[in-house]
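# Overview (structure and organization)
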Amino acid sequence: MLRLDRRAIHALRWFARGAAPVVGVALGALVVLGTLRLTRLPTPDHYFDSLPLHATIPRPQAQPCTPLENRQDPDHDPGYGRKICATPEVDARPLAFHYHAESYGDDHTFYSLHARSSSGHDRAVGVYDSDPPAVTVKRDEALGLWFVRGDDPEPSVLAADGRRRYRVALHALRTRIAPPMGWTLLGAAGLLVTLACLGASFGLGGLADARSEGRRAWLAARRGDLSLVALNVALCTGALLACALFTGFLL
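A short tour of the structure in this document, coming up. (Residues numbered from 1 in each chain as written. Predicted model: local features only at pLDDT ≥ 70, side-chain atom pairs only at ≥ 80, totals over all residues. Heavy atoms only, no water.)

### Structural notes on the sheet that holds strand E11 (residues 164-165)
With antiparallel pairing, the five strands of this open sheet are ordered in space as E1-E8-E9-E10-E11. This sheet does not close on itself; its edge strands, each paired only once, are strand E1 (53-57) and E11. Bridge count between strand E9 (residues 145-149) and strand E10 (residues 156-158): three bridges; the pairing is antiparallel. Residue Val 148 lies in a different strand from E10, and its bridge partner there is Ser 156. (Pairing = 2+ DSSP bridges. Helix = DSSP H or I, 4+ residues; strand = E, 2+ residues; numbered from the N terminus.)

Now the structure itself:
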């Protein structure tokens, strides 16, 4: 703006005085929409907790463990895998979960959680040490995904065939989660600043009947400056909230 001449700045102020109220109304609508979604849907950090519990896999220490079928070639395999056994399966259709346990000496057992699909494919879900936790399994019906979590804060994500997916993009969930609360609060703060600037601009309009031509020009310039501030604040905070609501959180 420092490089603009007086005529260009005047045109910019004139545009802002007309555009700022329109953008302010649009920002207000976005804030209302964000607030409504916050009352209906969880934020991204509470998405996992909001899913219904599909199954609970108990700790394996007290469960029987059946040796796995030996498929190794005895002439080439040293036999390390023959000590593995499997705990009974927990049915969580179309997947079933069980632990593989392998003993090392007399005092250490290594556990690995596995998922078996309806077609019989057995895949590792997570690796645990000698003291595995009870594991919760939650399901997202719309995405056809299972979320498996033990002690780790981040759950493992499984598809219907038992394959692991290492991430779920936010844009895939944008219709079932609300934008982060901080983003909605930022939009609300931007709306308050916008309304305050527009109110001050309209208030100065009541003083525009000053007798001095110089004073009228000064008041018109200040009204344009306030409208510029209102327009910029509404555009910046509104753009962030619009991305959160409609385009999958900028991803």
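### Considering the nonpolar core
As a rule of thumb, nonpolar side chains are buried together in soluble globular proteins. Counting residues in each nonpolar core, the largest one holds 19 residues, and the members touching the most others are Ile 57, Phe 97, Leu 113, Val 148 and Leu 158. Among the elements of the structure, E1, strand E4 (90-92), strand E5 (95-104), strand E6 (108-116), strand E7 (122-128), strand E8 (135-140) and E9 are those that each provide at least two residues to this core. Beyond its immediate chain neighbours, meaning those up to four positions away, Phe 97 contacts Ile 57, Pro 88, Glu 89, Val 90, Ala 92, Leu 113, His 114, Ala 115, Val 125, Val 137, Val 148 and Leu 158. Core analysis: the second largest hydrophobic core is formed by 16 residues, Ala 20, Leu 30, Leu 191 and Cys 197 among them. (Core = buried A, V, L, I, M, F, W, Y, C linked by side-chain atoms within 4.5 Å. Buried < 20%, exposed > 50% of the residue type's maximum accessible area, 1.4 Å probe, protein only. Contact = heavy atoms within 4.5 Å.)

### What about the packing of aromatic side chains?
What the rule picks out here adds up to three aromatic pairs. Here Phe 48 and Phe 147 contribute two aromatic rings whose centre-to-centre distance is 6.5 Å and whose plane-to-plane angle is 75 degrees, an arrangement assigned as edge-to-face. One end of the pair, Phe 48, is in helix H2 (residues 47-50); the other, Phe 147, is in strand E9, and 99 residues separate them in sequence. Taking the relative accessible area as the measure of exposure, Phe 147 reaches 5% and is therefore buried. Ring centres 6.1 Å apart and planes at 85 degrees place the aromatic pair Tyr 99 and Tyr 111 in the edge-to-face group. Linking Tyr 99 in strand E5 with Tyr 111 in strand E6, this pair joins segments that are 12 residues apart in sequence. Judged by its relative accessible area of 1%, Tyr 99 falls in the buried class. (Phe/Tyr/Trp six-rings, centres within 6.5 Å; stacked < 30°, edge-to-face > 60°.)

### Overview of the pairing of E8
Counted residue by residue, E8 has five buried out of six residues, so it is predominantly covered. Relative to E8, E1 runs antiparallel, the two being bridged by four bridges. Paired with Ile 57 across the two strands is Val 135, which belongs to E8. Note: E8 against E9, five bridges, orientation antiparallel. In the sheet register, Lys 138 faces E9, and the bridge partner there is Phe 147. Here E8 hands over to E9 after four residues, with Gly 144 in that stretch at a positive phi of 65 degrees.

### Details of the pattern of salt bridges
Counting across every chain of the model gives seven salt bridges. Arg 116 serves as the salt-bridge partner of Glu 89, at 2.6 Å between the closest nitrogen and oxygen. You can see Glu 89 sitting in the loop between strand E3 (84-86) and E4 and its partner Arg 116 sitting in strand E6, a full 27 residues away along the chain. Taking the shortest distance from any N to any O, the salt bridge between Asp 140 and Arg 176 comes out at 3.0 Å. Here Asp 140, found in strand E8, pairs with Arg 176, found in the loop between E11 and helix H3 (181-205); they are 36 residues apart in sequence, far enough to count as distant. Its relative accessible area of 23% is what places Arg 176 among the partly exposed residues. Overlapping salt bridges, with partners in common, bring together Arg 13, Arg 222 and Asp 225 in one network. (Salt bridge = Lys/Arg side-chain N within 4 Å of Asp/Glu carboxyl O.)

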